[in-house]
Amino acid sequence: MTTDSFTIIDNRTGKQYELPLEHGNIRARELRQIKVDPEEFGTMSYDPGYDNTASCKSRITFIDGEKGILRYRGYPIEQLAEQSNFLEVAYLIIFGELPSKQQLEEWSYQIMHHTFLHENMTGLFHAYRYDAHPMGMLISALAFMSTLHKEASRVEDAAVRLKQIYRILGKLPTVAAFCYRHRIGRPFNYPNADMGYTENFLYMLDYMHQTHYEVNPVLAKALDVLFILHADHEQNASTSVMRSIGSAYADPYSAMAGAAAALFGPRHGGANEAVIRMLAEIENEKRVPEYIERVKKGEFRLMGFGHRVYKNYDPRARIIKQVAYDVFNVTGTNPLIDIAVKLEEVALSDDYFVSRKLYPNVDFYSGIIYQAMRFPPDMFTVLFTLGRAPGWLAQWVEMLTDSEQRIARPRQIYLGYDERDYVTLEQRG
Ligand code: SDX
């Protein structure tokens, strides 16, 4: 018997099983040998929400939820936010190492020269109602891109994958900007490859043919940091969807559309929009204690609080809170920040939240910055999508190149009817 294993005794049969450990964990498949009757299927693990299930081995992002640690390819998020930029972090996440100067120049050139949309696609945006939610537009725009690049389904070809990665990272800001411009009834600004990544994005959102127009560098930098903070986050719901759709060998545009759809949910990336609506509903600091009491009664959840993995302060929330004040120096403060700070103060001194280890997460402060930058709340998850795109793509490539990975197909514990015969309409009650 090796020490790097578990010994399990099945009390139903008295049989003993030795399960080998791999990186300190067992392969769920090893449980299948535990049976009472040799003919039966065998034992599974039951894990709703995959709270304690590793679906893959990954080398991209590491989170220590108890200590509030987040690292991309080993680099602490605090250092990357302080010293790097979004395109460089995207390269790191996808390729595993920080780029050389030449690699970064080539990477940036390729992405900034894949920013234009097919003109048919530009027409897509005019098909939406004026008040269509930008995430609905973005999700369908990603599916539309799938119809334009048929070679993208050759997912086993590394060169084809890389070309789609350039296109997705290059075109997503243009898609996001066109969604916004459609919503406000303004003409589209076409991308400008002479600008930086976030600078070009802000330009496409904001330019109104002024003779002298410049993107504010503080806002471009703040948005770049926010994109870095959102770039990847282990096997969160939307990343799991990206991997799952990708495991069926669907093209990356279709997989991204699915991942964005998952992110749209208010329990996931849609929370930043819900936080703003919650803070606006609270209206002023004096009403915070009353609101907290309603949350504790279970009337609703405190949006932007809590996390499946972080049982400590989300390190991203801490950095975002600092970035907020840089933005306010340019835009003027957002009064909602005072309500948010008060909410955090009251919640973190209340046992209901402390005992459940509920702390502010990435969404708690990000919306306040976006609103101060004059983004409407329904654009916030679109911004989350722009940040998370390199993470989804990196996880997709890692899944495709992992020889242990197969099509995602979980099992179930069937508790439905046993076999029964069909009952005709006449015989039914
Ligand atoms: C993101 O996974 C990721 O990495 C996601 C993300 C990423 O970068 O991809 O970090 C981005 O999605 C951040 C989370 C944004 N969502 C919100 O802020 C929505 C509000 N938060 C919750 O809905 C909730 O905290 C989740 C969904 C984030 C986590 O849910 P879990 O892990 O399933 O926690 P749970 O539902 O089991 O809750 C445990 C307890 C429950 O109380 P009891 O049943 O034990 O009495 O904590 C309570 C919950 O009711 N609880 C909350 C709460 N979150 C959990 N109570 C009040 N307010 C909350 N926000």
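See the structure above.
Residue positions within a chain follow its written sequence, with the count starting from 1. Totals for whole chains, interfaces and linings use all residues, but because this is a predicted model, local features are given only for residues with pLDDT of at least 70 and pairs of side-chain atoms are given and counted only at 80 or more. Derived side-chain values reflect all non-hydrogen atoms in the structure, with water molecules and hydrogen atoms excluded from consideration.

Brief notes about the site of the ligand
Then, number 1: Any residue with a heavy atom lying within 4 Å of a molecule or strand is counted as near it. Taken together, 23 residues form the shell around the ligand, and within it His233, Arg301, His307, Arg316 and Arg388 come nearest.
Then, number 2: Within the backbone of Arg267, an N or O atom sits 3.1 Å from a nitrogen atom of the ligand.
Then, number 3: Under this definition, polar contacts are N or O atom pairs within 3.5 Å; protein pairs additionally need one hydrogen-donor-capable and one acceptor-capable atom, and for neighbouring residues in sequence, both atoms have to be side-chain atoms. Between an oxygen atom of the ligand and a side-chain N or O atom of Arg316, the distance comes to 2.7 Å.
Then, number 4: Against a free-state accessible area of 1100 Å², the protein chains account for coverage of 75% of the ligand.
Then, number 5: Partitioning the shell around the ligand into residue classes produces nine nonpolar, seven polar and seven charged. Residue exposure ignores everything except the shown protein chains as possible cover, and the areas themselves are Shrake-Rupley values with a 1.4 Å probe. Three residue categories are used. Nonpolar comprises Ala, Val, Leu, Ile, Met, Phe, Trp, Tyr, Cys and Pro, charged comprises Asp, Glu, Lys and Arg, and polar comprises the others, including Gly.

What to know about the packing of helix α7 (residues 197-206) against helix α8 (residues 217-229)
Then, number 1: Here α7 crosses α8 at 115 degrees, and the two axes come no closer than 9 Å. Judged by the inter-axis angle, α7 sits roughly perpendicular to α8. For the pair α7 and α8, the sense of crossing is right-handed. Residue-level contacts link Thr198, Glu199, Phe201 and Leu202 of α7 to Leu219, Ala220, Leu223, Asp224 and Phe227 of α8.
Then, number 2: Class assignment for the residues of the contact of α7 with α8 results in six nonpolar, one polar and two charged. Lines are fitted to the C-alpha atoms to define the axes, a helix being fitted only along its stretch in contact, and any angle between axes, read from their N-to-C directions, falls within 0 to 180 degrees. Working definition: helices are DSSP H or I runs of at least four residues, strands are E runs of at least two. Numbering for both runs from the N terminus. Note on angle classes: values under 35 degrees are labelled roughly parallel, values over 145 roughly antiparallel, values of 65 to 115 roughly perpendicular, and the remainder oblique. Each crossing is labelled by how the near helix is turned from the far one, with a counterclockwise turn of less than a right angle marking it left-handed and a clockwise turn marking it right-handed. Only heavy atoms matter for contacts: two residues are in contact if any of them lie within 4.5 Å across the pair.

Structural notes on the side chain of Glu88
Then, number 1: Relative to the helices and strands, Glu88 is located in helix α2 (residues 86-95).
Then, number 2: Burial here depends on accessible area, computed with a 1.4 Å probe over protein chains only, as a share of the maximum for the residue type. Under 20% is buried, over 50% is exposed, and the range in between is partly exposed. Charge counting treats Lys and Arg as positive and Asp and Glu as negative, with His and both chain ends excluded. When a carboxyl oxygen of Asp or Glu is within 4 Å of a side-chain nitrogen of Lys or Arg, the pair counts as a salt bridge. The charged side chain of Glu88 is buried without a salt bridge, its nearest counter-charge being Lys221 at 9.3 Å.
Then, number 3: Apart from residues no more than four positions distant in its own chain, Glu88 is found in contact with Leu98, Pro99 and Leu104.

A short note on the pairing of strand β4 (residues 69-72)
Then, number 1: By the alternation rule, side chains of β4 split into Leu70 and Tyr72, which are all buried, and Ile69 and Arg71, of which none is buried.
Then, number 2: Where strand β3 (residues 61-64) meets β4, four bridges bridge the pair, whose relative direction is antiparallel. Its bridge partner being in β4, Asp64 is matched across the sheet by Ile69.
Then, number 3: Note on pairing: DSSP must find at least two bridges between two strands before they are called paired. Between β3 and β4, which pair antiparallel and follow one another directly, the connecting turn spans four residues, one of which, Gly68, has a positive phi of 65 degrees.
Then, number 4: In this structure, β4 lies alongside strand β5 (residues 75-76), joined through two bridges in antiparallel fashion. Bridge assignment links Tyr72 to a residue of β5, and that residue is Tyr75.
Then, number 5: The loop that links β4 with its antiparallel partner β5 comprises two residues; one of these, Arg73, has a positive phi angle of about 50 degrees.

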